[in-house]
Amino acid sequence: MAAMRHRHDGSMMKKSQARPLTGDDGFRDGPLDAAQLASFHAASHLVVRGLFDADEAAEIARWADEVQAWPELAGRYMMYFEHTEGGGRILNRMENLLPWHAGFRQLAGGARLQGACAQLFGEPAVLFKDKINFKLPGGGGFEPHQDAQAGWLRYAGLHITALVTIDPATIANGCLEMADGFAGTQGLIGSEWQPLDGGQLAGLRWQPIEAQPGDVVFFDSFIPHRSAPNRTDAARRVLYFTYNRASEGDHLARYYADKRLSYPPDIEREAGREYRYRV
Ligand SMILES: O=C(O)CCC(=O)C(=O)O
C-alpha cells in the first residue's frame, strides 16, 4: 500500500518521493554547504535552485490557493489589497498566516528554511514574520528599499528572509531584483520608512532573479531590492519567511501587534483614516 501522510486539513494524500516538508527535513543541521554559506556572506543573498522539488512546490502552491480564497476576517491573518490601474481591487499580500495554516507553519519551522537561516546566522534562528506577496495580474511593484528600513531594527539587528518561489517569477511578471555589489554592508544606507533614491543607490547594479517554483532565495535585511509590476495575465506569488537570531529574542507576536495598530489589514481599518504603504 502506498505510504500516506496527513495533509494540514486532516485529509490524506499519497506520499511523494520528496523529503517531508516538516520536521528536520532529513537534514541534520540545514541544507547549505560551506560554499553556499560563503556565497551568502559575500553577496548578502543566495539563490538555491530546487530546494523544494516539483511535488513539494505543487503542495505549497495548493496551500497558497487555499489561503487566497479565505474570507477577509478581522483579528486573524492579515489581508491587504491594492487597486489596479483599471480600478480593480485585488489581493496584494497576506501576513500572519501561520496560526491559521499548519502546512505553512511546519514549512517555516523545517530545516530547509529555518535550519538554513540558522546556518546563515551561525546560531539558532527564530521566525520574525511570514508573508505571501501575490502580485496578481496588474499588481504593483516595489520601490528600491532595504527591509530593515521598515522599522525592523527595533526588534533585532539583523534579519534573514527565505523567499520561496510559488509561481514562476520572471522579468515580465516582476521578479525580485537584488542590488549586485552590496556585499556584507550591514547598515542602513537610507532613512527608515522611505524608499531609497538614486544617490543612495549609486554604483549598484540591479540583478533580476528569475526563479521557478521550489527555488529559494535567502537575503539579509540590508541588501537593497526592488521589483516591477506584474504586466502579465498570470499571478506571481512568492512566500517570504523572515527570521532573526534567537539570541535577539522572539518578536513575532509583538511585531504583529504593533503592525495591527500602525498598518492594519483592510478589514480592520477605521473609516476616514488614511493608511499609506511606505516600505
Ligand atoms: O515581492 C516582491 O516583488 C518584492 C517584495 C518586497 O520587496 C517586500 O515585500 O519588501
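Residues numbered from 1 in each chain as written. Predicted model: local features only at pLDDT ≥ 70, side-chain atom pairs only at ≥ 80, totals over all residues.

Caption draft 1: Expanded view of the overall build of the protein. Within the protein one finds five helices and 13 strands. In the protein, buried positions account for 39% of the 279 residues. Contacts spanning at least 24 positions in sequence make up 81% of the contacts within the protein whose residues lie at least 6 apart. (Helix = DSSP H or I, 4+ residues; strand = E, 2+ residues; numbered from the N terminus. Buried ≥ 20, exposed ≤ 12 C-beta atoms within 10 Å, placed from the backbone. Contact = placed C-beta atoms within 7 Å.)

Caption draft 2: How the structure looks around the sheet that holds strand 7 (residues 142–145). The four strands lie next to each other as 7-12-9-10, forming an open sheet whose pairing is antiparallel. Strand pairing shows two members of the sheet lacking a second neighbour, strand 7 and strand 10 (205–208), which therefore form its edges. Taking each pair of neighbouring strands and ignoring which way they run, the sheet shows an average axis angle of 25 degrees. (Pairing = 2+ DSSP bridges. Axes fitted to C-alpha atoms, helices over the stretch in contact; angles between N-to-C directions.)

Caption draft 3: A look at the nonpolar core. If you look at the biggest cluster of nonpolar residues, it comprises 60 residues, and the most contacted ones within it are Ile-60, Cys-117, Ala-162, Val-164, Val-217 and Phe-218. Sort the elements by how many residues they give to this core and helix 4 (residues 111–121) lands first, with six residues. Among all residues touching Phe-218, those that are not within four sequence positions of it are Phe-40, His-45, Leu-46, Ala-116, Cys-117, Leu-120, Ile-160 and Ala-162. (Core = buried A, V, L, I, M, F, W, Y, C linked by C-beta atoms within 7 Å.)

Caption draft 4: Focus on the confidence of the model for the protein. Per-residue confidence for the protein gives a mean pLDDT of 91; residues scoring 70 or more make up 90%. Contacts of residues 1–18 to residues separated by more than four positions or lying in other chains number 19 contacts, the stretch itself having pLDDT below 50. (pLDDT = per-residue confidence, 0-100.)

Caption draft 5: Looking closely at the environment of Lys-259. If you trace the backbone, Lys-259 turns up in helix 5 (residues 252–262). Taking the C-beta count within 10 Å as the criterion, Lys-259 has 17 such neighbours and is therefore assigned partly exposed. Sequence-wise, Lys-259 and Met-78 are 181 residues apart; in three dimensions their C-alpha atoms are separated by 9.9 Å.

Caption draft 6: Geometry of the sheet that holds strand 4 (residues 78–83). A sheet is described by the order of its strands in space; here seven strands give the open sequence 3-11-8-13-6-5-4, paired in antiparallel fashion. This sheet does not close on itself; its edge strands, each paired only once, are strand 3 (45–48) and strand 4. With strand direction ignored, the average angle separating the axes of adjacent strands in the sheet is 20 degrees. Here strand 6 (residues 125–133) runs beside strand 13 (residues 238–245); their pairing, made up of eight bridges, is antiparallel. The residue of strand 13 that forms the bridge with Lys-129 is Thr-242. Contacts between helix 1 (residues 34–43) and the sheet are confined to strand 3 and strand 11 (216–220), with strand 3 contributing the most and set at about 140 degrees to the helix. The strands that helix 4 touches are strand 6, strand 8 (159–165), strand 11 and strand 13; relative to strand 8, the one it contacts most, it runs at about 145 degrees.

Caption draft 7: Region of interest: helix 4. With eleven of eleven residues buried, helix 4 lies mostly within the body of the structure. All of the buried residues in helix 4 are Ala-111, Arg-112, Leu-113, Gln-114, Gly-115, Ala-116, Cys-117, Ala-118, Gln-119, Leu-120 and Phe-121. Remark: Gly-122 follows helix 4 within two positions and exhibits a positive phi of approximately 80 degrees.

Caption draft 8: Just the pairing of strand 5 (residues 89–95), in detail. In this sheet, strand 5 lies alongside strand 4 in antiparallel orientation, the contact comprising six bridges. By the bridge assignment, Phe-81 is partnered in strand 5 with Leu-91. Where strand 4 folds back onto strand 5 in an antiparallel hairpin, the turn is made up of five residues, including Gly-87, whose phi is positive at roughly 95 degrees.

Caption draft 9: Focus on the environment of Ala-102. With respect to the helices and strands, the residue Ala-102 is situated in helix 3 (residues 102–109). With 39 residues separating them in the primary sequence, Ala-102 and Trp-63 have C-alpha atoms 9.8 Å apart.

Caption draft 10: Structural view of unusual backbone geometry. The backbone of Asn-96 shows a phi angle near 55 degrees, a positive value even though the residue is not glycine. Residue placement: Asn-96 occurs in the loop between strand 5 and helix 3. Residue Asn-96 is classed as buried on the basis of its 20 C-beta neighbours within 10 Å. A positive phi angle, near 70 degrees, is found at Trp-193, a position not held by glycine. Positionally, Trp-193 belongs in the loop between strand 9 (176–180) and strand 10.

Caption draft 11: Representation of the environment of Pro-168 in the model. With respect to the element layout, Pro-168 can be found in the loop between strand 8 and strand 9. Each C-alpha atom, one on Pro-168 and one on Gly-214, is 9.3 Å from the other, the two residues being 46 residues apart in sequence. Not counting the four nearest positions on each side in its chain, Pro-168 is found in contact with Gln-212 and Pro-213.

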